Amino acid sequence: MLLEGKNLTFAYDRKKGNILTNVSLRIDSREPAAIVGPSGFGKTTLCKILSGYLRPQAGEVLLDGKPLPKKGCCPVQMVWQNPERAVNPRLRMRATLADGQQIEDRIIRELGIEEDWMNRYPQELSGGELQRFCIARALGRDTKFLIADEISTMLDMITQSQIWNFLLKETKERGIGLIVISHSEALLSRVAGRRLTF
Amino acid sequence: MKESGKRFGWNQRQRARLLLVFSVLFLVTVAAAGYFCRDASMVTDFSRKNLAPCFAYPFGTDWMGRNMFYRTLTGLSMSILIGVSAAAVSAVMALILGIAAAALGKRADSVISFLIDMVMGIPHILLLILISYACGKGLKGVIVGVALTHWTSLARLIRGEVLQLKESEYIQIAERLGHSKLQVAAKHMLPHLFPQFVVGLVLMFPHAILHESSVTFLGMGLSSEQPAIGVILSESMRYLIMGEWWLALLPGIMLVLTVVLFDLGGTSLRRLLDPNSVHE
Ligand SMILES: Nc1ncnc2c1ncn2[C@@H]1O[C@H](COP(=O)(O)OP(=O)(O)OP(=O)(O)O)[C@@H](O)[C@H]1O
Ligand SMILES: [Mg+2]
């Protein structure tokens, strides 16, 4: 599948100038891609536009030539930088995970999510444990592209490598396109074939 | 560190629970007792008039020989019932208007916000007197008056909370995962709003009760045959200079006690519902 951004222009506040001006990109699901650039240059903003959280002021996002569907589960899913903010503090993890679209038990098992974590509240889990839930939640039945926005910055090396091993295998098997944002050179050279630089 | 923090949290929660149970028990007892001694509180007996508090008449008797203990209980129970109904109506209004302001878009929001600011800008007691007067005084006037004046602060609180929730990442994520606005509101917003709503409701009682007695005291509320606290207090003013201190003091203390207990109950409830203390 092909994810395209065409002439994307975006500003949070018009008076303060554009964050993105006429950005175009094409990403093929067969080849994992990385978006790199200095902090504050709008990488996260671009991800939010590609996955439909934000609407660009000009330009469009196309998946196989068609705009992203407005209703239903978005085929482009994003995993956020901060797992603590991406889960509802008042719900048990089982309920949070249920937001995802029919998540297979296999995914939960391979991510190392323990049955006991399911009945806990987010305050009772570590950042790394929460991030596994967020990844699982994004890997629902209809997901075609997965955007990973600095998802492993706060994890130790062993956990990082576990999670990335899983993500590479899973996306390859299911033909899901993978877009990685990271500041870590080691990680980028391992997972991404293509680089898009700001 | 962690160990002692845990123990501290547990003790605080236990104390909050105890306070809550105590306040609820006290208020229910007063409300029920007042209901059952309503007839006894109306009995006049001139052979026992103007008695100071004693064993048989803990709150003394008045110039018509009425048992002031019974009268106080009946008055308080009426106040509690009025407070509960007015606060309930008010809290439901606040919930609906607060959610509408945040969920229905900019125009609805500015209309409701304007309404909130306007009602908040007028002193409660003034608005209450006007509404109560317009509704023909009496029980209905007081309830409508209190309900229409007290919803604002809770509505503002709920509106703010919903606006903030709409921006939160987990709610945006849930919407991107294909859940409708209604599903998201029920699953993700309600658990945040419910505690606010319940605590706001309970903390509204003391205001409602005080305002009810104030309008009644000023002669704009319940009629003077009713054994309401406001009526008792305003009548007793005339006898205060003649040295019959108990007519005003003891019912007054009971009123303050009731209000304080409602407040304590509400604060304990808030502590118990706070997620940070729940999962310490
Ligand atoms: N919700 C927002 N409202 C207004 N401005 C914002 C908002 N989010 C981000 N910005 C601004 O947009 C710019 C780009 O932010 P963005 O988060 O996309 O950067 P980034 O490239 O992801 O940085 P980092 O590598 O640190 O994550 C920043 O200058 C930031 O201040
Ligand atoms: Mg970022």
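Quick note: structure is the one above.
This report concerns the structure included in the present document. (Residues numbered from 1 in each chain as written. Chains lettered and ligands numbered in written order. Predicted model: local features only at pLDDT ≥ 70, side-chain atom pairs only at ≥ 80, totals over all residues. Heavy atoms only, no water.)

**Topic: the overall build of chain B**
Here is step 1: Within chain B one finds 12 helices and 0 strands.
Here is step 2: Listing each helix as α and each strand as β along chain B from the N terminus yields α-α-α-α-α-α-α-α-α-α-α-α.
Here is step 3: Its C-alpha atoms give chain B principal-axis dimensions of about 80 × 55 × 30 Å.
Here is step 4: Residues counted as buried form 47% of the 280 residues belonging to chain B.
Here is step 5: The contacts of chain B with a sequence gap of at least 6 include a subset with a gap of at least 24, amounting to 69%.
Here is step 6: Approximately 14200 Å² of chain B is accessible, and the part contributed by carbon and sulfur atoms is 69%. (Helix = DSSP H or I, 4+ residues; strand = E, 2+ residues; numbered from the N terminus. Buried < 20%, exposed > 50% of the residue type's maximum accessible area, 1.4 Å probe, protein only. Contact = heavy atoms within 4.5 Å. Areas by Shrake-Rupley, 256 points an atom, 1.4 Å probe, with all protein chains shown as cover.)

**Considerations on the site of ligand 1**
Residue and element names in this part refer to chain A.
Here is step 1: For ligand 1, the set of nearby residues contains 13 residues, the closest of which are Ser 39, Gly 40, Lys 43, Thr 44 and Thr 45.
Here is step 2: The separation between a nitrogen atom of ligand 1 and a polar side-chain atom of Tyr 12 is 3.4 Å.
Here is step 3: Take Lys 43: an N or O atom from its side chain is 2.7 Å from an oxygen atom of ligand 1.
Here is step 4: Burial of ligand 1 by the protein chains amounts to 58% of its free accessible area of 630 Å².
Here is step 5: Looking at the shell around ligand 1, its residues break down into 4 nonpolar, 7 polar and 2 charged. (Near = heavy atom within 4 Å. Polar contact = N/O pair within 3.5 Å; in protein donor to acceptor, adjacent residues only side chain to side chain. Nonpolar A, V, L, I, M, F, W, Y, C, P; charged D, E, K, R; others polar.)

**Re the side chain of His 211 of chain B**
All names here are of chain B.
Here is step 1: Mapping His 211 onto the fold places it in helix α9 (residues 181–217).
Here is step 2: The exposure class assigned to His 211 is buried, which follows from its relative accessible area of 15%.
Here is step 3: Those residues in contact with His 211, other than ones at most four positions away along the chain, are His 124, Ile 125, Leu 128 and His 150.

**A look at the nonpolar core**
Here is step 1: Core analysis: the biggest nonpolar cluster contains 66 residues, and Trp 164 and Leu 167 of chain A have the highest contact counts within it.
Here is step 2: Broken down by element, the residue count for this core peaks at 6 residues, all from helix α5 (residues 127–138) of chain A.
Here is step 3: In this structure, Leu 167 of chain A is in contact with Ile 135, Leu 139, Leu 146 and Ile 151 of chain A, ignoring residues within four places of it in sequence.
Here is step 4: Judged by nonpolar contacts, the second largest core, of 58 residues, contains Leu 76, Ile 116, Phe 197 and Leu 269 of chain B. (Core = buried A, V, L, I, M, F, W, Y, C linked by side-chain atoms within 4.5 Å.)

**As for the sheet that holds strand β3 (residues 33–36) of chain A**
Residues and elements named next belong to chain A.
Here is step 1: Across the sheet, 5 strands lie side by side as β6-β7-β8-β3-β9; this open sheet has parallel pairing. Lying at the two open borders of the sheet, with one neighbouring strand each, are β6 (76–79) and β9 (194–197). On average, each strand axis in the sheet is inclined to that of its neighbour by 20°, with strand direction left out of account.
Here is step 2: Both β3 and strand β8 (residues 177–181) contribute to a ladder of 3 bridges, which runs parallel. Of the residues in β8, the one forming a bridge with Ala 34 is Val 180. (Pairing = 2+ DSSP bridges. Axes fitted to C-alpha atoms, helices over the stretch in contact; angles between N-to-C directions.)

**What about the environment of Leu 51 of chain B?**
Here is step 1: With respect to the element layout, Leu 51 of chain B can be found in the loop between α2 (38–42) and α3 (68–103).
Here is step 2: With residues near it in sequence (within four places) discarded, Leu 51 of chain B still touches Tyr 57, Gly 60, Thr 61 and Trp 246 of chain B.

**Things to note about unusual backbone geometry**
Residue and element names in this part refer to chain A.
Here is step 1: Its identity as a non-glycine residue notwithstanding, Asn 7 has a phi of 50°, on the positive side.
Here is step 2: With respect to the helices, strands and loops of the structure, Asn 7 is situated in strand β1 (residues 2–10).
Here is step 3: For Asn 7, a relative accessible area of 43% puts it in the partly exposed group.
Here is step 4: One non-glycine residue, Asp 64, adopts positive backbone phi at about 50°.

**Focus on the pairing of strand β4 (residues 58–63) of chain A**
All names here are of chain A.
Here is step 1: Where β1 meets β4, 5 bridges bridge the pair, whose relative direction is antiparallel. For Gly 5, the partnering residue across the bridge sits in β4 and is Val 61.
Here is step 2: Bridge analysis of β4 against strand β5 (residues 66–67) gives 2 bridges, and the strand direction is antiparallel. Bridge assignment links Leu 63 to a residue of β5, and that residue is Lys 66.
Here is step 3: Counted between consecutive antiparallel strands, the loop separating β4 from β5 contains 2 residues, among which Asp 64 sits at a positive phi close to 50°.

**Digging into α9 of chain B**
Given 3.6 residues to a turn, an α-helix orients residues that are three or four positions apart in the same direction.
Here is step 1: Approximately 55° is the largest bend angle found in α9 of chain B, and it occurs at Leu 190 of chain B, with the proline Pro 191 of chain B only one to four residues beyond.
Here is step 2: Just downstream of α9 of chain B lies Gly 219 of chain B, where phi reads positive at about 85°. (Bend = angle between axes of the 7 residues up to and from the residue.)

**Side note on the layout of surface pockets**
Here is step 1: For the largest pocket, the calculated volume is near 1100 Å³.
Here is step 2: In this structure, the largest pocket is lined by 35 residues; those nearest its centre are Gly 52 and Arg 55 of chain A together with Glu 175, Arg 176 and Lys 181 of chain B.
Here is step 3: At the level of secondary structure, the elements contributing two or more residues to the lining of the largest pocket comprise β4 of chain A together with α3, α7 (152–167), α8 (169–176) and α9 of chain B.
Here is step 4: Considering every element that reaches the lining of the largest pocket, the biggest residue donor is α9 of chain B, with 8 residues. (1 Å grid on protein atoms, 1.4 Å probe; cavity = no way out; pocket = protein on both sides within 12 Å on 5 of 7 lines; lining within 4 Å. Points joined across faces, edges and corners; volume = space filled by probe spheres on them.)

**Some details on a nonpolar patch on the surface**
Residue and element names in this part refer to chain B.
Here is step 1: Where nonpolar side chains cluster on the molecular surface, the patch consists of Phe 217, Leu 218, Met 237, Leu 240, Trp 245, Leu 249 and Ile 253 and spans about 650 Å² of accessible area.
Here is step 2: Secondary-structure elements contributing two or more residues to the nonpolar patch are α10 (229–240) and α11 (246–273).
Here is step 3: Residue placement: Trp 245 occurs in the loop between α10 and α11. (Patch = residues over 30% accessible without salt bridge, like charges linked within 9 Å, V, L, I, M, F, W, Y side chains within 5 Å. Salt bridge = Lys/Arg side-chain N within 4 Å of Asp/Glu carboxyl O.)

**Concerning the state of the cysteines**
Here is step 1: Per the stated rule, a full pass over the model turns up 0 disulfides over all chains.
Here is step 2: In this model Cys 47 of chain A remains outside any disulfide bridge; the closest cysteine sulfur is found in Cys 74 of chain A, 13 Å from its own.
Here is step 3: With no disulfide of its own, Cys 54 of chain B lies 17 Å from the sulfur of Cys 37 of chain B, the closest cysteine sulfur.
Here is step 4: In this structure Cys 54 of chain B comes out as partly exposed when scored by relative accessible area, which is 37%. (Disulfide = S-S within 2.5 Å.)

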